[in-house]
Structure formats: structure tokens, C-alpha cells
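Residue-level structure breakdown
In case you want the letters, here they are:
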Amino acid sequence: MQHFLSTADWTQEQLDGLLRLAADLKQDPIQDRLRGKSIALLFLNPSMRTRTSFDLGMQQLGGIAIVLQPGKDAWGVEFKSGVVMDADAEEHVAEVAGVLSRYCDLIGIRAFPLFQDWAEDRNDPVIRALAKHASVPIINMETIVHPCQELALMMTLREKLGEVRNRKFVLTWTWHPRPLNTAVANSALLIASKFGMDVTLLCPEDAYRLDSRFESAARDFTDQAGGSFQVTHDIEAAYSDADVVYAKSWGALPFYGRPDEEWELRRKYRHFIVDEKKMALTNKGIFSHCLPLRRNVKATDGVMDSDYCVAMDEAENRLHVQKAVMLNLLGL
Amino acid sequence: MQHFLSTADWTQEQLDGLLRLAADLKQDPIQDRLRGKSIALLFLNPSMRTRTSFDLGMQQLGGIAIVLQPGKDAWGVEFKSGVVMDADAEEHVAEVAGVLSRYCDLIGIRAFPLFQDWAEDRNDPVIRALAKHASVPIINMETIVHPCQELALMMTLREKLGEVRNRKFVLTWTWHPRPLNTAVANSALLIASKFGMDVTLLCPEDAYRLDSRFESAARDFTDQAGGSFQVTHDIEAAYSDADVVYAKSWGALPFYGRPDEEWELRRKYRHFIVDEKKMALTNKGIFSHCLPLRRNVKATDGVMDSDYCVAMDEAENRLHVQKAVMLNLLGL
Amino acid sequence: MQHFLSTADWTQEQLDGLLRLAADLKQDPIQDRLRGKSIALLFLNPSMRTRTSFDLGMQQLGGIAIVLQPGKDAWGVEFKSGVVMDADAEEHVAEVAGVLSRYCDLIGIRAFPLFQDWAEDRNDPVIRALAKHASVPIINMETIVHPCQELALMMTLREKLGEVRNRKFVLTWTWHPRPLNTAVANSALLIASKFGMDVTLLCPEDAYRLDSRFESAARDFTDQAGGSFQVTHDIEAAYSDADVVYAKSWGALPFYGRPDEEWELRRKYRHFIVDEKKMALTNKGIFSHCLPLRRNVKATDGVMDSDYCVAMDEAENRLHVQKAVMLNLLGL
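On a predicted model such as this, the values are computed, not experimentally measured, just so you know. (Residues numbered from 1 in each chain as written. Chains lettered and ligands numbered in written order. Predicted model: local features only at pLDDT ≥ 70, side-chain atom pairs only at ≥ 80, totals over all residues. Heavy atoms only, no water.)

Glancing now at the overall build of chain A. Helices and strands together make up the secondary structure of chain A, namely 13 helices and eleven strands. Taken against the 2.2 N^0.38 rule, which gives 20 Å for 332 residues, the C-alpha radius of gyration of chain A at 19 Å falls within 12% of a compact globule. For chain A, the proportion of its 332 residues judged to be buried stands at 67%. When contacts within chain A are restricted to residue pairs at least 6 apart in sequence, long-range pairs at least 24 apart make up 80% of them. Entry remark: accessible area of chain A is about 11200 Å², with carbon and sulfur atoms responsible for 47%. (Helix = DSSP H or I, 4+ residues; strand = E, 2+ residues; numbered from the N terminus. Rg over C-alpha atoms; globule rule 2.2 N^0.38 Å. Buried < 20%, exposed > 50% of the residue type's maximum accessible area, 1.4 Å probe, protein only. Contact = heavy atoms within 4.5 Å. Areas by Shrake-Rupley, 256 points an atom, 1.4 Å probe, with all protein chains shown as cover.)

Structure below.
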């Protein structure tokens, strides 16, 4: 039994197989291959695309999706082991995982980090605890990585660029009023490097570098796949000749859990917004973002409404890649 | 591609076709005509009947319904164009409409007005923005009109009265502790007038008149269809010889967004409750309401539990007419 | 038409039939017997197992489940008759029951007691009002009893013990930081006594005795079925030679609605936790709990992770017994 917790655990060949299956499903979306199968979808955070695409995707394959919001419509959950459960949580992940494994064939979970202690959150403790106690495959619907988003991104890049090896992929930090999760940024590094792209991480200063685990992985994966990885704080250099600009905002890890202090840094970098002038520096590059996106904050209306914006394609491809993941994990 | 935003955009013949289809579906409710099709249902406000009847109706036709609550389980949405999105909304309607159009074949939305500025709300900006950015048909699940309720009402009137032309239809304002949406009242005028009824709007004083756009439409539609339209503040005159009493509470538009001031008016009109004594003035008339209804506030227990109350039939017919709307918009 | 409000209304033979059907469904879970049928699931309180197992169970039988949360995503409901509805509720149970009966073939409701006045709550007024106004069968998803849990418990006991008559069944009160609903405790008495077990109720002092209605029923049922019923405050005597230890925490009824006063009692009884030392006194007994369970508060990790803990089996059996109840109530 394999989980889908991070693409780092999957080979490039396996990921490639998922993408080929996704392309087939895009051509032939309504099938009966998961009749009688079911997935429990646990959302500890809001969702629009992930919720819709998993629920719809499962049903388009003939299966059943159950959406639960622990702490809201379902009981709050304790994820740590050995705790005397005197606090708010009424239920332990051991039982949640065990019971849902009895009911359903798959479990998906969205569990953003808690934004208190990165040393703890960087180990992805919530989904790891769920996977430990479950007897069915677990799917990551965004924790500190977002592997379904990665697949959708790579599917889109291939649709638009064909072969992606050694194409210049720029991951740019953007402005946002609050310090957000690094998950999609971490994930963008993982997938672009795994497929051998020339990856540039653009961020305002070193405080916005990503966790060493992900930067190192990017370096290793590009080494293996014939790409390259570099970090820069120079906007113009980064955008120059880019084939892909991928935008995301995230919080500075050295200030993790201290948003007021982080604000003093962040406030200076509003100009990292993706605009048409910056995009003009690229090699007729395409632009994408995982969405949701605050218009005229992370990217301008001009960029979002341009022909080179493929964010909508990437969002659509979430549906297809996730159906591929569910089929693969169930061996169907 | 046609949306279902307001019956004012549909001809009486088209609406008639929807009602005939609904009658067929009432006889033969479980079908497979929407297999593999899907609808996204966006609720910005609470719902019981609308939620249940759309979700159930889609599934009874073999399709898939995805229920989303933007701002609660899904991200908050900005509906205005050109905004620098520095406020609460994480996502723009352009992306919501675009992405859901990629996933689903239909989108329904419930978006009550904001009760701040009627000059703005009267243009129905939320659903208009959604329709502008969507590439699939949009269904109005109640904004400043409630066209699905209209169809259910007219289906019920025909079931009970047969031909409705020149039957006396009284829309009466009723008491409620708060100033509510005018949508169902606006809609009652539209549908009763479109089908040539003799329409009387009964309200306590001119401050409770409906927006001129809807009163004018009622006048125009009755002119075209051979009915009549009048406004009165005289309870006894209104109920006399009525064939249909349709009740709804709404806020006084001149005090829109100022509920405390409106209360000074409202507090005097508790006696507009629909009771058995008033109903005795009618031409053995039937009574209905869109529900939810506060018993003994808007109408008495005696009226609600009477043989002439057809509110339950109207509620049931929501299911049938909405299935007809979905089939029609998808050309199936 | 029969409702499923309490097992007290069903004969042991009828319950036995449900359990046999459930065993068949456990072997053959995916069927088409409820195609086109639907259930509305009303949750006035949180749920994980009940929600998942009803939603999934209905769909595994080919039917449709609609989940509603009145007061949250759907309108708040007034359950009393004859009220002038000037308070928060926008809708009366008469209409909720009537409308949902038009839409769906079954209605389930979870409505915990209000923890204000036990003299009122002990009559189970919410589900009784719903049943009075509905024209389709009502299923109790936990009110002051939890009959679906009872069936799952008895199914599990039979799977593990074979014949249950005159096996020693100990219902033990456990610690929990707040005074909880007595429903599962009441229910455990009902089902164990109905099947002729030797039932012991263990609680810290008389204030934690269960309502006389349920203790009397347990006495009557054991008389009829050849079992026995006793109450004790002696932990060691209760656990000795037990075949089954069933744990639940609940509030002291004499202090119902006064949690601060109840705390003065409760705080002394933390040692009622189910631990391995107590379990060692049993006749190699099995342990179960309805879940959710606070680990190391109600029962230790050692007990929960032991081979004799069958709580997960009981949770799984919820799915099977509820499918049996739905099929039975629909005569299918």
C-alpha cells in the first residue's frame, strides 16, 4: 500500500505514469471504474478547487465522496500520541484513521501547518499521524506540500510547452497581506526539479528562502534529472528569458509564528507583484498560480486576464490528476 | 447559452415549457438524463429547501451536485472588478466562475443583497458578475429575485386553480421582526403578471412599495397578458374575492440599510399577519408562502394547518421545476 | 409506517431481524436496492461516524443522502407547537418535516438534549415533534437514546461472544471534563437487557444513576429475556468476571443544566478511567466505547490499543446496521 503524501516519495517515472493516466481521463472523464469505492475528505482548512475536484472526480468515476470538517461539523481531533486528552479535542487520530479506514477506501486530508513552531510543522505531523494509523491510502490535499497541485502544474506545463527539461522555471515570491503557508512553493520546487527544469527561486531576501529540506531536494532532483537550481533576489535577472513564471506568497520562516515582526519585513516588498512589465522580460513565458489569488496584490488584472496566464488550465487539471491518483492508489 | 437569472428575461412561452416539463418530471422523477453532468451550488446564505431540492434533483437525474459555502468552507469571494484585493476576500469571481465552469456543467448561486445600498443591490451585481465570467449556464437560487420559487408557485397555482388568467392574486406584506429581502415579493409580481393574473400588491404604506423596476414590469406584463395590476393599503379590499393570497415580509426600501429607523415604521403593522378571519373574506382562496415562515408572526397556525394552505405543495414543486430548469439549460 | 426512534418500541425479534440483515449487508455491501431513494440527514450537533456511515451507507445502496445542519447552513427550527415565533428560529418543525417528507423517503435527525431541563428533555421532544409532522419514517441519529449505536454494539457482541444471554455486561461511567449526554448509556442498558444479558451499571454514586425510565426498562427487559440488572458503585465488584466492559461518560441528572455544581461531584472521580489493571479483573472481557473517546481520560492508550478493544468493530458495524434500518423502514 502506498500513500500520496509527497511527490518526494515517488519516482519521476511513477509521476509520469500518473500524468499519462490524467491525460487519458481528461479525454474520457465519465467512467465507472470506482463504482462502490469511497473517499473520506477531511478539511481542516477552507477549500474550493480541492473540495470540488476531489468530490466531483470521485463521483465522475462512479464512486462516493464524504466531506468532513473536523472541529466544525465533525469532532475536533488530537494528532499527538500519548496525550492525556483534557483539551478541546474529543477524538484521537488513531480512532479517526481507524474508523474511516473501515468505512472508506481512501482518505484525503487538508491540514495546513499551525504557524506556531516550524521545527515541528516541517515534519508534517498531522498527515504523518493519519497515515500511521490508517489502513487505507492517504492523499495529501495540502499540508506543508501540495502534491496534487504539483501534478496539475506539471500537466499544464507539458500541455503548453511540450518537453519541459531545461526550460527556465521561475518561482517568484509575491506580496500578500499575511504570511501564508509555504506548501505550494515547496511543491513547485519539488516538481519542477524532478522533471529537470532550470529552476530559479526569486524572493526578496534570504529570510524568504524556503526550508533547506526543499531547497536541497530541488538541488538533488535537478542534479539527477539534468536541470539546475539557483536562488536570486534580483527580479529582473529572474524574469529574464523565463519560460514559466509561477507565483506564490509565503511567510518568512525565521519569523514563523510571529506575524507582527514578519510584517516589518514584508511591508517593503509590495513591488514583487507579477505585472505585465515584468512578464515582458520573459521568453514569451507563461504565468501560473495555484489559486486563490488576490488580484492586483499578487498579480495584476492584466496578467490574470492575459493569454499567457494558464492558472485556469492548472485548476482544471487538478480534477484529472486527482482522478489518476485515486485510481493508481486503488490499483484500478 | 442562456442563464436563468430572472424570469423577466424569459418569455411566457418558455416559462410555460418549463412548467410542462416539470409536470412530466413530477410523474417520473428518477431518470438518467443528466448522468455525468454536474452542478456547483454556491450558497452565500442559509438554505433548506433550495439546497435539498437542487442537490436531490440533480442526483435523481443521475448527475452530481457539489455544495459550496464561500466565506465558510470555501474562500471568500470579491465580486467587483478592478479592485486591489487587500480586504478579506482571497479570491475573485473571475477565477471562481472560470474554475467552476471548467469543472461543472451548471452553477447555481444564492446571494442575498447586502442590505447596505439598494441603488447598488438593485442591479443584482453578484450574480451578474458570476454570469459575466462563467462559460456555463448560471441559475439564480435567490438574489433580489427568486425565479425558481416563481416557477414552483405558478406550477402550484395551475395544479389548484387550472387556468390562472384573471384570477385575483394578492401579494400581501406581512409582519416579521426584521426587514427581509424583497426577492420573493418581486418575483411574485413578475410571475403572476406574466401569466395574466389580476395582481394586487397589499402593503401597509407607500414605504413598503416594491422597487419601481418590478412594479413597472408587473404593469407591463399584465398589459401584455390581459391581467391587471394595482397597489393598495386596504387589507379588507385586498382580501375580498381573492383567489390566491401569497404572503411575504420585506423591508421598506426607503430605509434600506437602516433597520433601526425602519423598525419605527414596522412595529405598527403586526396586524398584517395572515389569519383565518382575513382568509374568510376571500373567494375560497388558497394561501401560500415560499417558506421558511414564522408561525403566528407571518401567518397563524390556523392558516398554515388549513386545507387551503398550499405552501407544502409549492415547496415540493421546487424540486420538479428546478429539474426542468437544469434539463432545459443543458438542452437535454 | 414505523419510525426508528428507540429500540424500546421494537421487539427483540424485530431487532434480531435487523441484525441478521446487517450481517448480510456486511458480506455484500454494494447494492442497488435503494436506487432513487433518498434520506435527509439533519444534524443539530457534530458527528463523524454517524454522518459518514449514513451518507456512505445510503450511497452504497444506490440512494441519495442530503446532509443539513439547521441553524448553520439551513434555517434554525422551532420544535414547540403553538408558539409565536418571535425568537431566532425562522422555521417550524411542521414545515421542515412536511417539506422533507415531500422530497425524501427517510429523515434522520441528531438532536442532543439542551442540558437545561431534564424533565422536558427526557421526553425527547425534538424527534417526537419531527415524527409527529413527518409522513416518512424518522431515524434517531442520537437524541436521549442512540438506537443505531445499540444495534452496532449488539452486532459486535455477537460477533465476538456468540450467544450473549447471561453474559456479564458492565456499563461503566467514566471521567470526562464536561457533563455529557446520557444517550449512549441509556441505550446500552436498553439493548443489553433486551438481549438477556446480566447487566451491571457501575457509577460513582447515586447522582450518576440513569433516568428511572431507562433503569426500569432494563429491569423489565432482563426479566422478560432471562437476564438480570443491578447497580453498583464498587469498581472491583463490577469489573470482576465481566464479559463486556462498555464505557461512557455522562452528567449527573440531579445537577442537569448546572455544570459548575456538577463539577464539584465529578472532579472526585477521575479514577473511573478504564485501565489495564481494571480490565485484568474481567473474565478476559472485551472493551468497547461508542467513540469519540478522549484517550487517557476515559480509557488509557493501553486499553484502546489492546486486542480486547472492539470499539473499531462497533464503529464499522454502524454502517451495516444503519443500512439494515433504512432497508427495513422502506420495506425493501
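The subject of this paragraph is the sheet that holds strand β9 (residues 228–232) of chain A. All names here are of chain A. Sheet architecture is open: five strands sit in the order β9-β8-β7-β10-β11, paired in parallel fashion. Here the strands that pair on one side only, and so sit at the sheet edges, are β9 and β11 (286–289). Across the sheet, the axes of successive neighbouring strands diverge by a mean angle of 20°, strand direction being ignored. Taken together, the five bridges between strand β7 (residues 168–173) and strand β8 (residues 198–202) define a ladder with parallel strand orientation. (Pairing = 2+ DSSP bridges. Axes fitted to C-alpha atoms, helices over the stretch in contact; angles between N-to-C directions.)

Here chain A sits on chain C after a turn of 120° about the axis and a move of 0.0 Å along it, with an RMSD of 0.0 Å. Look at the turn and shift together and you get a three-fold axis relating the two. The fraction of interface residues of chain A whose copies in chain C are also interface residues is only 3%, indicating that the copies meet through different surfaces. (Least-squares fit on C-alpha atoms with pLDDT ≥ 70 in both.)

Tallying the contact residues gives 37 residues for chain B and 32 residues for chain C. Between chain B and chain C, the buried area comes to about 3000 Å², and carbon and sulfur atoms account for 56% of it. We note a salt bridge from Glu316 of chain B to Arg102 of chain C, for which the minimum N-O separation is 2.8 Å. In this assembly, chain B and chain C are joined by 16 residue pairs in polar contact (both at pLDDT 80 or more). Mapped by element, the contributors of at least two residues to the side of chain B that touches chain C are α2 (49–60), α12 (301–304) and α13 (311–329) of chain B. When grouped by side-chain class, the residues that make up the side of chain B that touches chain C number 15 nonpolar, nine polar and 13 charged. (Buried area = accessible area lost by both parts, 1.4 Å probe. Salt bridge = Lys/Arg side-chain N within 4 Å of Asp/Glu carboxyl O. Polar contact = N/O pair within 3.5 Å; in protein donor to acceptor, adjacent residues only side chain to side chain. Nonpolar A, V, L, I, M, F, W, Y, C, P; charged D, E, K, R; others polar.)

All names here are of chain A. As assigned here, chain A comprises domain 1 (7–145 + 318–329) and domain 2 (148–314). The interface is formed by 35 residues belonging to domain 1 together with 33 residues belonging to domain 2. Counting the surface lost from both domain 1 and domain 2, the interface buries some 2700 Å², and carbon and sulfur atoms represent 60% of this. Seen at the junction of domain 1 and domain 2, the total is three salt bridges. Counting across the domain 1 and domain 2 interface gives 15 residue pairs in polar contact (both at pLDDT 80 or more). Going through the elements one at a time, α1 (12–27), α2 (49–60), α4 (118–121), β6 (138–140) and α13 (311–329) are the ones with two or more residues in the side of domain 1 that touches domain 2. For the side of domain 1 that touches domain 2, the element with the most residues is α1, which contributes eight residues. (Domains from an automatic or database assignment.)

By the definition in use, this model includes 30 aromatic pairs over all chains. The lysine or arginine in question, Lys194 of chain A, covers the ring of Phe221 of chain A, its NZ or CZ lying 4.2 Å from the ring centre. (Phe/Tyr/Trp six-rings, centres within 6.5 Å; stacked < 30°, edge-to-face > 60°. Lys NZ or Arg CZ within 6 Å of the ring centre and 35° of its normal.)

Further remarks concern the relation of the copies chain B and chain C. In screw terms, the move from chain B to chain C is a rotation of 120° and a rise of 0.0 Å along the axis, fitting with an RMSD of 0.0 Å. Take the interface residues of chain B: only 3% of them recur as interface residues in chain C, which is what a contact between different surfaces looks like.

Here the focus is unusual backbone geometry. Residue and element names in this part refer to chain A. Cis geometry is adopted by the peptide bond preceding Pro292, which originates at Leu291 and carries an omega value of 5°. Tracing the backbone shows Pro292 in the loop between β11 and α12 (301–304). Of note, the phi angle at Phe115 is positive, near 60°, even though the residue is not glycine. Note that Phe115 resides in the loop between β5 (106–110) and α4. One non-glycine residue, Asp241, lies in positive phi territory at about 65°. Relative to the elements of secondary structure, Asp241 occurs in the loop between α9 (235–239) and β10 (244–248). For Asp241, a relative accessible area of 54% corresponds to the exposed category.

We now examine the state of the cysteines. Across all of its chains, the model carries zero disulfides over all chains by this definition. A disulfide-free cysteine, Cys309 of chain A has its sulfur positioned 12 Å from the sulfur of Cys290 of chain A, the nearest such atom. (Disulfide = S-S within 2.5 Å.)

This part takes up the pairing of strand β5 (residues 106–110) of chain C. Residue and element names in this part refer to chain C. Of all five residues that make up β5, five are buried, and the element is covered over most of its length. The alternating pattern of β5 places Leu106, Gly108 and Arg110 and Ile107 and Ile109 on opposite faces, both of which are buried. Both strand β1 (residues 38–43) and β5 contribute to a ladder of five bridges, which runs parallel. By the bridge assignment, Leu42 is partnered in β5 with Ile109.

Our next topic: the environment of Ile64 of chain B. Within the element layout of this structure, Ile64 of chain B appears in strand β2 (residues 64–68). Between the C-alpha atoms of Ile64 of chain B and His92 of chain B, which are 28 residues apart in sequence, the distance is 25 Å. The contacts of Ile64 of chain B, once residues within four sequence positions are left out, are Leu56, Gln59 and Gln60 of chain A together with Lys37, Ser38, Ile39 and Met58 of chain B.

Moving on to the pattern of salt bridges. Opposite charge on two side chains makes pairing possible when the charged atoms of those side chains draw close. Residues and elements named next belong to chain B. With the rule as written, the count across this model stands at 77 salt bridges over all chains. A salt bridge links Asp211 to Arg122, with the shortest nitrogen-to-oxygen separation between them at 2.8 Å. Pair noted here: Asp211 is in the loop between β8 (198–202) and α8 (212–225) and Arg122 is in the loop between α4 (118–121) and α5 (125–133), with a separation of 89 residues, a long-range link. Of the residues examined, Asp211 reaches a relative accessible area of 7% and is grouped as buried.

The next subject is the sheet that holds β1 of chain C. Residue and element names in this part refer to chain C. In spatial order, the strands read β2-β1-β5-β6; together these four strands make up an open sheet with parallel pairing. Of all strands in the sheet, those bounded by a partner on one side alone are β2 (64–68) and β6 (138–140). Mean inter-strand twist for the sheet, computed between neighbouring axes without regard to direction, equals 20°. As paired strands, β1 and β2 are joined by five bridges and run parallel to one another.

Right, let's talk about empty space enclosed by the protein for a bit. Inspection of every chain in the model, using the stated rule, returns four cavities of 30 Å³ or more. Estimated volume of the largest cavity: approximately 440 Å³. Contributing to the lining of the largest cavity are 24 residues, with Arg51 and Val67 of chain A, Arg51 and Val67 of chain B together with Arg51 of chain C lying nearest its centre. Those elements that place two or more of their residues in the lining of the largest cavity are α2 and β2 (64–68) of chain A, α2 and β2 of chain B together with α2 (49–60) and β2 of chain C. Residue composition of the lining of the largest cavity, by class: nine nonpolar, six polar and nine charged. (1 Å grid on protein atoms, 1.4 Å probe; cavity = no way out; pocket = protein on both sides within 12 Å on 5 of 7 lines; lining within 4 Å. Points joined across faces, edges and corners; volume = space filled by probe spheres on them.)

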